[in-house]
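Single-letter residue listing:
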Amino acid sequence: MKIIRWILGQIILVLDFMTSPKAVVREAAAQKAIDDVTATMSMYQFKTCPFCVKVRRELKRHALHIELRDAKGNARHKAQLTQEGGRHKVPCLRIEQADGAVEWLYESNDIIARLKTQFKLA
Ligand SMILES: N[C@@H](CCC(=O)N[C@@H](CS)C(=O)NCC(=O)O)C(=O)O
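Because the structure is a prediction, the values reported are computed rather than measured.

> Would you explain helix 2 (residues 28-38) in this entry?
For an α-helix the count is 3.6 residues per turn, leaving residues at separations of three or four pointing the same way. Those residues of helix 2 that sit buried are Q31, I34 and T38. The arc that holds every buried residue of helix 2, seen down its axis, measures 65°, which confines them to one face. Along helix 2, the residues that are exposed and aim more than 90 degrees away from the buried face are A28 and A29. Against the buried residues of helix 2 lie strand 1 (41-45).

> Please explain the site of the ligand as it appears in this structure.
The environment of the ligand is formed by F46, C49, F51, H88, K89, V90, P91, E107 and S108. Take V90: an N or O atom from its main chain is 2.9 Å from an oxygen atom of the ligand. The side chain of E107 places a nitrogen or oxygen atom 2.8 Å from a nitrogen atom of the ligand. Residue classes in the shell around the ligand are distributed as 5 nonpolar, 2 polar and 2 charged.

> Would you take a moment to explain the nonpolar core for this structure?
The nonpolar side chains of a soluble globular protein tend to be buried, and buried together. Counting 15 residues, the largest nonpolar core has M41, L64, I66, L93, L115 and F119 as its most contacted members. Those elements that place two or more of their residues in this core are strand 1, helix 3 (50-61), strand 3 (92-96) and helix 5 (108-118). When residues in this core are grouped by element, the largest group, 3 residues, is from helix 5. Apart from the residues within four sequence positions on either side, F119 is in contact with I34, V37, T38, M41 and L64. One finds Y44, C49, C52 and A71 within the second-largest nonpolar core, a separate group that totals 10 residues.

> How do you make sense of a nonpolar patch on the surface when you look at a structure like this?
A surface patch of nonpolar side chains, about 1,100 Å² in accessible area, is lined by I3, I4, W6, I7, L8, I11, V14, L15, F17 and M18. Position of L8 relative to the elements: it lies in helix 1 (residues 2-18). Among the residues examined, L8 registers a relative accessible area of 48% and is labelled partly exposed.

Conventions used here
Residues numbered from 1 in each chain as written. Predicted model: local features only at pLDDT ≥ 70, side-chain atom pairs only at ≥ 80, totals over all residues. Heavy atoms only, no water. Buried < 20%, exposed > 50% of the residue type's maximum accessible area, 1.4 Å probe, protein only. Helix = DSSP H or I, 4+ residues; strand = E, 2+ residues; numbered from the N terminus. Arc of directions from axis to C-beta. Contact = heavy atoms within 4.5 Å. Near = heavy atom within 4 Å. Polar contact = N/O pair within 3.5 Å; in protein donor to acceptor, adjacent residues only side chain to side chain. Nonpolar A, V, L, I, M, F, W, Y, C, P; charged D, E, K, R; others polar. Core = buried A, V, L, I, M, F, W, Y, C linked by side-chain atoms within 4.5 Å. Patch = residues over 30% accessible without salt bridge, like charges linked within 9 Å, V, L, I, M, F, W, Y side chains within 5 Å. Areas by Shrake-Rupley, 256 points an atom, 1.4 Å probe, with all protein chains shown as cover. Salt bridge = Lys/Arg side-chain N within 4 Å of Asp/Glu carboxyl O.

Take a look at the structure:
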């Protein structure tokens, strides 16, 4: 079972690489304004999780530079996600608000919808 999961994971990574979307190019000021906001975000993920791949592709397509945190291989990130986020489930977007409050947003579709609304993406 483990080997089948590993093979499927590798297939997902190869297909993702071969069909990787092209990133949008913005004017420097517009990109910086977005980068300033995405610097307050991080995404907890597994490399071969298909739901994480789906979100990563959207990040790339829209040139959203969000730190990716490995919640499988990195014990600290795994513990943070479980203890502070509440569940060991990925993808999960950690959003730090201006007042220091932290939001943990689970569900790939909800993460994509939130980013599209927040950054007014097509
Ligand atoms: N409906 C969720 C599904 C996410 C999901 O099933 N993630 C799996 C990895 S692919 C997970 O976190 N499983 C918990 C675990 O492996 O500990 C979404 O779209 O984000």
